[in-house]
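# Coordinate inspection notes
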Amino acid sequence: MHVPLGRLTAPQWRELTAVAAGELRLTPWRGVVVPVAGMTASERSAALARLAAAGLVTDPASPWPGVGACIGRPGCGKSHADVRADATRALTAVGGARLPLYWSGCERRCGRPRGDRVDVVAVPDGGYRVTRPDGAGRQSRTAAVHDLSDLATALAAITS
């Protein structure tokens, strides 16, 4: 299963430890492996439902594994936005799109992993600049997003 933005809450830890049979494995990819040896199919299904209800990602079709973010506001004085909260709200607008997205609170883009992904960068006057980098013969494309409910439209515009 996947931990959205790599941050577990105390209630999520409680659910994980309640479901686990004495062992949890954390991965470098913001995931948790819960060994299920000895569980019946119905017990596994119930455990997955509990973990999903706690806010952990158990659906393989979820866009969360491709989403990352810097610490943002209030943890960073240079950030123009609470990018983690905005990313969480915006994923409902994007739906099942599995584009790799990285949310940054400023132009420094702290923690941005290498590779091809869509940059969602907070701008000083509010809102975000969404950019698909050039690569594989494509030209870089950018769109401004002032309301997070417009993110799906902006992503469609720059990735088509």
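Note that this is a predicted model, so its numbers are computed, not measured.

## Topic: the overall build of the protein
Broken down by element type, the protein carries four helices and seven strands. Overall, the protein shows an N-to-C arrangement of helices and strands of α-β-β-α-β-α-β-β-β-β-α. Taking the principal axes of the C-alpha coordinates as reference, the protein spans close to 50 × 35 × 25 Å. Out of the 160 residues belonging to the protein, those deemed buried represent 37%. Residue pairs at least 24 apart in sequence account for 49% of intrachain contacts in the protein once pairs closer than 6 positions are excluded.

## Some thoughts on the sheet that holds strand S6 (residues 128-132)
In space, the five strands of this open sheet follow the order S3-S4-S5-S6-S7, with mixed pairing throughout. Each end of this open sheet is capped by a strand with a single partner; those strands are strand S3 (67-69) and strand S7 (141-145). Pairs of neighbouring strands in the sheet enclose a mean axial angle of 20°, with direction left out of account. Sheet topology note: the S6/S7 ladder contains five bridges and is antiparallel. Bridge pairing links Val130 to Ala143 in S7. Across the sheet, helix H4 (residues 151-159) touches strand S4 (101-104), strand S5 (118-122), S6 and S7, and the angle it forms with S7 is around 165°.

Rules and cut-offs
Residues numbered from 1 in each chain as written. Predicted model: local features only at pLDDT ≥ 70, side-chain atom pairs only at ≥ 80, totals over all residues. Heavy atoms only, no water. Helix = DSSP H or I, 4+ residues; strand = E, 2+ residues; numbered from the N terminus. Buried < 20%, exposed > 50% of the residue type's maximum accessible area, 1.4 Å probe, protein only. Contact = heavy atoms within 4.5 Å. Pairing = 2+ DSSP bridges. Axes fitted to C-alpha atoms, helices over the stretch in contact; angles between N-to-C directions.

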